[in-house]
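One letter stands for each residue in the lines below.
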Amino acid sequence: MSTFTAGEELAPLTVEVTREQLVRYAGASLDFNPIHWNEAFAKEVGLPDVIAHGMLTMALGSRLVTDWLGDPGRLVDYFARFTRPVVVPNDGAATIEFTGKVAVVNDDGTARVDITAKFEGKAVLGKAQAVVRA
């Protein structure tokens, strides 16, 4: 892809997140906070259950963009706010749905992509935006 078109939609991405993935991510990121693996602790601190790492959710959002670009080196900047946790059940998986759209094409050939991440129909990332280059 060498040029961008405002309004262009990225192919949607659906990701299933399991507790096993949370443990693997904890090892890779060195984030061993028990809210990400210990159900009793998560509930004790007021969460509904174990939750996915926010940075994991954010990283999955960037995958939407890098899959579309075909080259992760073309991702220039990425920002998101965490608005709601992704609750990961003990059995099964949490399904996160990502969509994206080219919002603005800049004169320098870069573009801003707005990303939506939803879990159970509700946004889990706020103002998720990526800047990409051609």
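What counts and how
Residues numbered from 1 in each chain as written. Predicted model: local features only at pLDDT ≥ 70, side-chain atom pairs only at ≥ 80, totals over all residues. Heavy atoms only, no water. Helix = DSSP H or I, 4+ residues; strand = E, 2+ residues; numbered from the N terminus. Contact = heavy atoms within 4.5 Å. Areas by Shrake-Rupley, 256 points an atom, 1.4 Å probe, with all protein chains shown as cover. Lys, Arg positive; Asp, Glu negative; His and termini not counted. Charge placed at Lys NZ, Arg CZ, Asp CG, Glu CD. Buried < 20%, exposed > 50% of the residue type's maximum accessible area, 1.4 Å probe, protein only. Arc of directions from axis to C-beta. UniProt positions renumbered as here; feature names shortened; annotations may be inferred. Polar contact = N/O pair within 3.5 Å; in protein donor to acceptor, adjacent residues only side chain to side chain. Patch = residues over 30% accessible without salt bridge, like charges linked within 9 Å, V, L, I, M, F, W, Y side chains within 5 Å. Salt bridge = Lys/Arg side-chain N within 4 Å of Asp/Glu carboxyl O.

## Notes on the overall build of the protein
Scanning the protein for helices and strands turns up three helices and six strands. Each helix and strand of the protein, ordered N terminal to C terminal, gives the series β-α-α-α-β-β-β-β-β. Of all intrachain contacts in the protein linking residues separated by at least 6 positions in sequence, the fraction that spans at least 24 positions is 66%. When the accessible area of the protein is evaluated, it comes to approximately 7300 Å², of which 52% is carbon and sulfur surface. Of the side chains in the protein, 13 bear a positive and 17 a negative charge, and the two mean positions are spaced by 4 Å.

## A closer look at helix α1 (residues 19-29)
Three or more residues of α1 are buried, namely Arg-19, Leu-22 and Ala-26. For α1, the buried positions fall inside an angular range of 45° around the axis, keeping them on one side. α1 presents Arg-24 and Ala-28 as exposed residues on the side facing more than 90 degrees away from its buried surface. Downstream of α1 by a residue or two, Leu-30 has a phi angle that is positive, lying close to 65°.

## Here's the deal with the environment of Leu-69
Relative to the helices and strands, Leu-69 is located in helix α3 (residues 54-69). Separated by 63 residues in the primary sequence, Leu-69 and Val-132 place their C-alpha atoms 8.3 Å from one another. Discounting residues that sit within four places of it in the chain, Leu-69 has contacts with Phe-4, Arg-74, Leu-75 and Val-132.

## Considering the environment of Trp-68
Here Trp-68 is to be found in helix α3. Once the C-alpha coordinates of Trp-68 and Gly-54 are considered, the two residues, 14 residues apart in sequence, prove to be 22 Å apart.

## Digging into the UniProt feature "domain: MaoC-like" (unreviewed entry) in the protein
As recorded in UniProt, the sites labelled "domain: MaoC-like" (unreviewed entry) are residues 11-116. The span residues 11-116 is 31% helix and 30% strand, and its two end C-alpha atoms sit 12 Å from each other.

## Some thoughts on the side chain of His-53
Position of His-53 relative to the elements: it lies in the loop between α2 (39-44) and α3. Exposure remark for His-53: the relative accessible area of 1% places this residue in the buried category. From its side chain, His-53 meets the backbone oxygen of Asp-31 in a polar contact 3.2 Å long. When sequence neighbours within four positions are dropped, the list of residues in contact with His-53 reads Leu-22, Tyr-25, Ala-26, Asp-31 and His-36.

## Looking at a nonpolar patch on the surface
Judged by side-chain polarity, Val-23, Leu-30, Phe-32 and Trp-37 come together as a nonpolar surface patch covering roughly 470 Å² of accessible area. With respect to the element layout, Val-23 can be found in helix α1.

## Digging into the pattern of salt bridges
Taken as a whole and assessed by the stated rule, the structure comprises seven salt bridges. Here Arg-63 makes a salt bridge to Asp-67, at a shortest N to O gap of 3.6 Å. Highlighted residues: Arg-63 and Asp-67, both in helix α3, separated by four residues, approximately one helical turn. Close ionic contact of Arg-112 with Asp-114 constitutes a salt bridge, the shortest N to O distance being 2.8 Å.

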